[in-house]
Structures are given as structure tokens and as C-alpha cells.
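Summary of the model geometry
Listed here are the chains, written in short residue letters.
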Amino acid sequence: METADPTSARVLELGCADGGNLIPMAWYLPKARFLGVDRAAGSLATGRAIADRLALSNLELRQADIADLDPASLGLFDYILIHGVWSCVPFAIQEQILRLCGACLAPQGIAYVSYNTLPGWHPRSMVRDFLRYHTRLIRDPAIRLAAARGLLERLGGAWEGETPLAQYLSHEIEELRHAPPGYLSQEYLEENNQPILFVDFVARATQHGLCYLAEAELHTLFPSTLSAGARALVESLEDPLEQEQHMDFLRYRVMRKTLLCRAGAPKRQPIDPMRMREFAVSALLSPVQWVDLTRTIPEDFVAPDGVHFGVTHPLTKAALLYLAKVYPDAVAYPALETAAIERATTAGSTHGCVTQLAEELFSLYAHRAIRLATAPETVYHAIASRPRTHALARAQASAHLGHLATARHTVLDIDPLAAQLVQLMDGTRTLEELVAELLVHLAHRTARAVVKGQPAALPQDGELLAGCKHLLKLFAQHGLLEEPREA
Ligand SMILES: C[S@@+](CC[C@H](N)C(=O)[O-])C[C@H]1O[C@@H](n2cnc3c(N)ncnc32)[C@H](O)[C@@H]1O
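**Quick look at the overall build of the chain**
Helix and strand counts for the chain stand at 18 helices and 19 strands. Relative to a compact globule of 487 residues, whose C-alpha radius of gyration would be 23 Å, the chain shows 24 Å and is just as compact. Taken along the three principal axes of its C-alpha coordinates, the chain extends 65 × 60 × 60 Å. Buried residues in the chain amount to 33% of all 487 residues.

**Examining the domain arrangement of the chain**
For the chain, the assigned domains read domain 1 (6-118 + 195-262), domain 2 (121-189), domain 3 (273-373) and domain 4 (388-482). Distance from the C-alpha centre of domain 2 to the C-alpha centre of domain 3: 41 Å.

**A look at the environment of Ala 399**
Its location among the elements puts Ala 399 in the loop between α15 (391-398) and β15 (403-405). With 16 C-beta atoms counted inside 10 Å, the residue Ala 399 sits in the partly exposed group. Distance from Ala 399 to Ile 50, taken between C-alpha atoms, is 7.2 Å for residues 349 residues apart in sequence. For Ala 399, the contacting residues outside a window of four places in its chain are Thr 46, Ala 49 and Ile 50.

**Some details on the sheet that holds strand β4 (residues 77-82)**
Taken in spatial order, the 7 strands line up as β3-β2-β1-β4-β5-β7-β6 in an open sheet, and their pairing is mixed. Looking at which strands have only one partner, the edges of the open sheet turn out to be β3 (59-63) and β6 (210-215). Here the average twist between neighbouring strands, direction ignored, is 20 degrees. Looking at chain direction, strand β5 (residues 105-116) and strand β7 (residues 255-262) are connected through 6 bridges and run antiparallel. Bridge pairing in β7 links Ala 111 to Leu 260. Most of the contacts of helix α4 (residues 91-104) go to β4, to which it runs at about 165 degrees, and overall it touches β1 (10-14), β4, β5, β6 and β7.

**Details of α4**
Compared with an ideal rise of 1.5 Å per residue, which puts 14 residues at 20 Å, α4 spans 20 Å between its outermost C-alpha atoms and is within 8% of the ideal. Residues of α4 that are buried include every one of Gln 94, Gln 96, Ile 97, Leu 98, Leu 100, Cys 101 and Cys 104, and no others.

**Let's talk about unusual backbone geometry**
The omega torsion across Leu 118 and Pro 119 is 10 degrees, close enough to zero to call that bond cis. Relative to the elements of secondary structure, Pro 119 occurs in the loop between β5 and α5 (121-134). Of note, the amide linkage connecting Tyr 327 to Pro 328 takes the cis form, showing an omega dihedral of 5 degrees. Relative to the assigned elements, Pro 328 resides in the loop between α12 (314-326) and β12 (331-332). The phi dihedral of Ala 55 is positive, around 50 degrees, even though this residue is not glycine. You can see Ala 55 is positioned in the loop between α2 (41-53) and β3.

**A closer look at the site of the ligand**
Residues in close proximity to the ligand total 17 residues, the closest being Gly 15, Ala 17, Ala 40, Ile 66 and Gly 84. Of the residues that constitute the shell around the ligand, the class distribution is 8 nonpolar, 6 polar and 3 charged.

**Some points on the environment of Ser 114**
Mapped onto the elements, Ser 114 comes out in strand β5. A count of 18 C-beta atoms within 10 Å places Ser 114 in the partly exposed class. Taking the C-alpha atoms as reference points, Ser 114 and His 83, separated by 31 residues in sequence, lie 5.1 Å from one another. Discounting chain neighbours no more than four positions away, the residues touching Ser 114 are His 83, Gly 84, Trp 86, Met 255, Arg 256 and Lys 257.

**Observations regarding the nonpolar core**
When a protein is soluble and globular, its nonpolar side chains tend to lie buried together. Counting 69 residues, the largest nonpolar core has Ile 80, Cys 101 and Leu 421 as the members making the most contacts within it. Take this core: its biggest share by element is 6 residues, from helix α16 (residues 416-424). Residues lining this core come from more than one domain, with at least three contributed by each of domain 1 (6-118 + 195-262) and domain 4 (388-482). Counting residues in each nonpolar core, the second largest holds 28 residues, with Leu 285, Ala 318, Tyr 333 and Ala 369 among its members.

**A look at helix α14 (residues 354-366)**
Helical geometry: 3.6 residues make up each α-helical turn, so side chains three or four residues apart lie on a common side. Along its 13 residues, α14 runs 18 Å from first to last C-alpha, staying within 8% of the 18 Å computed at 1.5 Å per residue. Of all the positions in α14, only Leu 357, Ala 358, Glu 360, Leu 361, Ser 363 and Leu 364 are classed as buried. In the core, the buried residues of α14 are packed alongside β8 (280-282), β11 (308-311), α12 and α13 (333-346).

**Some details on the packing of α15 against α16**
One can describe the packing of α15 onto α16 by two numbers: an axis separation of 8 Å at closest approach and a directional angle of 140 degrees. Relative to α16, the element α15 lies oblique. α16 is crossed by α15, and the crossing has left-handed handedness. Two secondary-structure elements touch here, α15 through Ala 393, Arg 394, Ala 397 and Ser 398 and α16 through Ala 419, Val 422 and Gln 423.

**Here we look at the environment of Tyr 168**
Checked against the element boundaries, Tyr 168 lands in helix α7 (residues 164-177). When the C-alpha positions of Tyr 168 and Val 234 are compared, they lie 25 Å apart, and in sequence the two are 66 residues distant.

**Remarks on the pairing of strand β2 (residues 33-38)**
In terms of burial, β2 is a largely internal element, 5 of the 6 residues being buried. Alignment of β1 against β2, held across 5 bridges, turns out to be parallel. Within β2, the position partnered with Leu 14 by the bridge is Val 37. Between β1 and its parallel partner β2, the chain crosses via helix α1 (residues 22-28), and the hand of that crossover is right-handed. In terms of strand pairing, β2 meets β3 through 5 bridges, oriented parallel. Residue pairing across strands places Asp 38 opposite Gln 63, the latter belonging to β3. Taken together, β2, α2 and β3 form a β-α-β motif whose crossover is right-handed.

**So, the sheet that holds β12**
Overall, antiparallel pairing links the 3 strands, which are arranged β12-β8-β13 in an open sheet. Bordering the open sheet on either side are β12 and β13 (371-373), each of which pairs with just one other strand. Sheet topology note: the β8/β12 ladder contains 2 bridges and is antiparallel. Within the sheet, the bridge partner assigned to Ala 280 lies in β12 and is Ala 332.

Scoring rules and cut-offs
- Residues numbered from 1 in each chain as written.
- Predicted model: local features only at pLDDT ≥ 70, side-chain atom pairs only at ≥ 80, totals over all residues.
- Helix = DSSP H or I, 4+ residues; strand = E, 2+ residues; numbered from the N terminus.
- Rg over C-alpha atoms; globule rule 2.2 N^0.38 Å.
- Buried ≥ 20, exposed ≤ 12 C-beta atoms within 10 Å, placed from the backbone.
- Domains from an automatic or database assignment.
- Contact = placed C-beta atoms within 7 Å.
- Pairing = 2+ DSSP bridges.
- Axes fitted to C-alpha atoms, helices over the stretch in contact; angles between N-to-C directions.
- Expected span 1.5 Å × (residues − 1).
- Near = placed C-beta within 6 Å.
- Nonpolar A, V, L, I, M, F, W, Y, C, P; charged D, E, K, R; others polar.
- Core = buried A, V, L, I, M, F, W, Y, C linked by C-beta atoms within 7 Å.
- Parallel < 35°, antiparallel > 145°, perpendicular 65-115°, else oblique.
- Left-handed = near helix turned anticlockwise from the far one by under 90°.
- Right-handed = clockwise from strand over helix to strand, strands pointing away.

Below is the structure:
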């Protein structure tokens, strides 16, 4: 679909909490306009403090109940975002969300809605029922959460028998033990959690003048990852919605991130990988070992989150090596193609099929291993003698969020010591001076590194310098630095 240019778009987020999603977008896209709505005053106050510090004139964080929003007074939006909200609100609010999307989407607008799905939530609901039952008499949310965590610790392999169901539940419990507190509370303890079949969600959206466009996690649209039998079943169905619903059953899917547009908005079908050539590409995938650029054999690349991707074609491998070197820059596709051909040819490759490059890059894009941007972008990533973090990083670090938003809209987790370093990096201190100041903070216990959730021991001589050098490289790699200003 032809959509609005994100750099100048109008964006609405319903249930924006502390603006963790909108603030970085508003900061990186100063010509776009953003409205976030939430009813939680505390979360909004945190977000407003950061937004005020950054003097963001293109962002409004509004306190309101979704139920009270009047579509006519909101106007039209190119993008409407509803993440982590739909399943945890009552039916009437869900209907209001769809009504607002139907009324407030611009003609070429896209709404993103994440929601819990069936059938994947059937077995999960057994764990939820158990946790809710076990904690049913506790009113205080913090004590209730602690009791739920206590139950999770005691469960594990406690299920009866060696059945596949018992194994599944044990696996779920193990995952939940490591889940963030907010997720555990919202999904497993709160009253509302209403998973839904994909086709039922689409039917409800249709009643509000909306139409299913695609999934944000693009790879789930394709049956190619299913077994041969399952694939044959899915491909025997003609209706694309039926195909997707069947895939949800076959993959026992637990969640969707669905894109909706207005009914009747012109869409192009099918998806054409060659349209990637109109975009700019960024990626941070590292080869697991030395890469052979002369042979068409699968080789392993790994993303920062540890997920591995097999890459087969020499041009794709060369493109990924180039993108990792210039990350977080977004490189115009034709320039990337040229760089990949040069690199592969220099290495002695004679396998230079640009169609295969596009197809393999598209597959990596569909699996979220690489990112597309509407325009090329060169990000400052030098480490100056007196390095300076940009204002967004410093504002987020001072708000003690525990993470920073990167230039590619990913999350970089940081501990209090790293947060202190980010704030000290205002372009006035050398690396040695930063280390000296951090030592003062450590001595006064105003900042501590954290290891496995516990405050770390005071660093030995040299350890802090090495740690800071590592962090500086990480900040540079994620586009969190800017050119120091002239003295
Ligand atoms: C789990 S949070 C998701 C926050 C954010 N979208 C994210 O992904 O991080 C759900 C948010 O929806 C908000 N919310 C729930 N019901 C609401 C309503 N009726 N009106 C406004 N906000 C609501 C809550 O206050 C909360 O901040």
C-alpha cells in the first residue's frame, strides 16, 4: 500500500503509557506529529518530564480514557498504534478502539493492533487460571505479584505425569519466571485478558469500516516455514484469511500484530520483494565464523539478541558484512547492491545474481533480521576525544528507565552505572575523566553496575576503563553519540 511518509506523518497511540514508543519517534522525526493517549497519570508524568526536557513540540501526551475520545475532535492520522492494550481492556473499549481506527484513519492510513490470539492462549489460560486462583484473596497488586512469583517458583516440574501437556506447562512456567513484572501482572493476573481468533478479530474490524492489510511480523504470512503436510493443507485453501487462520491453528499462535487499513484503500497483491529496491537498508548481523564469499553455501549470522540466521548467497553475505560495518546507517538499496557486488567480486566470487540478493534480503526483512527505512541515513558514530551522548539518551538515562532507545528504534538495556556514564558524556570530559568521575559516584554509591539483578562488586583497577571503552563502542554502534560542540 502507498502510505504516508513517516518523517512527516501524523501518529496516534492509544494506551501510550510513559511514551516509551512515541518519545524516541518524536525526537528522531521532528517533522512528524504525535499524540499519545493514556488514562494513567503516573506513567504520563514520567513521559512528560522527558518530553519537556527535550522540548518536543511535535508530541502531546494526553490524559484521557479511550472511552471518552471523540473521533471528530481527534482528526485524521496516518498511523494509529495500539500495542499491549486491546486484549486487556473490556469489550466496550475494544469496540471503541476499532471505532476510533475506522473514523480517524487517513484514506491511506494504517492501524497497528497487537492482541492475544487463540488457539495459543488455550493452554496458557490454564496457567493464568491457576495464578489467578492462587492469588484471588490478595488485594494489594505488589503482594499479589509476589505470591504469583512464589507459585511459579514452586511449580516447574510439579505437574502430574510425563505427558506432553505437563512438559508444555513446565516450559510455560519457566518462561514466565523470567518475564518482566508488568507483563506477568497484565497478562496473567488482571481481570481482562480476552484472546480471540484471528478471523473473529478481522470480522469485528470489518464492522468499523476497516480491512485486514497484513501482519507486522511479515514472515508469519508465508506458509513456507510449515511442514510439507501443513503447507499443502494451507495452500489448498483459496481465501487468504482462511489460510492465515489455519496457520494460526497449526502454529498454535499466541499473539498477532495486525495491520488494518480503511476498507476500499487500494492495496497491491501479492507482496513484491523487488520493491525493496525503493528503500534504504540497515542491519547488525555478525558472521559466526569467517565467511566464504565465493560459494553458495549456508553460513550463520547472528543478531544482537542471539537469534541466528542462515545466509546462502555470496552477495547477501557481502551486503550483510557491509551493513554491519556502517551500522546504524541506512544504505540506499542500489548503493548496497553495488557495495555487495564489489566486495564479493574482490573476494573472487562469480555468483552475482542480484535477484537472489533481493529475495534473500527480503526473507531476512520478513524475519526482522534487517530493517528498511524510507530514506538513506548516515548516523554519527565516531568516538570523539571528549565524547557526547545525544539529548534523548541523556534524558532517558536521567529518568532511570533502565534502557535507551537506539537510532533504529530498538531498546538498549543499561544498568545504573551505564546510565550515569551516559549523563556524564556531555562532551566536556575525556575517557579518563569520565572514569575518574564514575569512581567518585561508585565510592558514594550513587551508581552501581548490576550483574544478574544484583549490585556488582566495586570494579578493580582497569576494569572500569575497559568497561567504559566497551560502552562507548556500544553507544557509537547504536547511534547514541553526536558530534561534540566547539568549546
Ligand atoms: C500494558 S500497557 C501498554 C503500554 C504501551 N502501549 C506499550 O506497549 O508499552 C497498557 C496501557 O493501556 C492503558 N489503558 C488501559 N485501558 C485504558 C483506557 N480505557 N483508556 C486509556 N488508557 C488505557 C493503561 O493505562 C496502560 O498504560
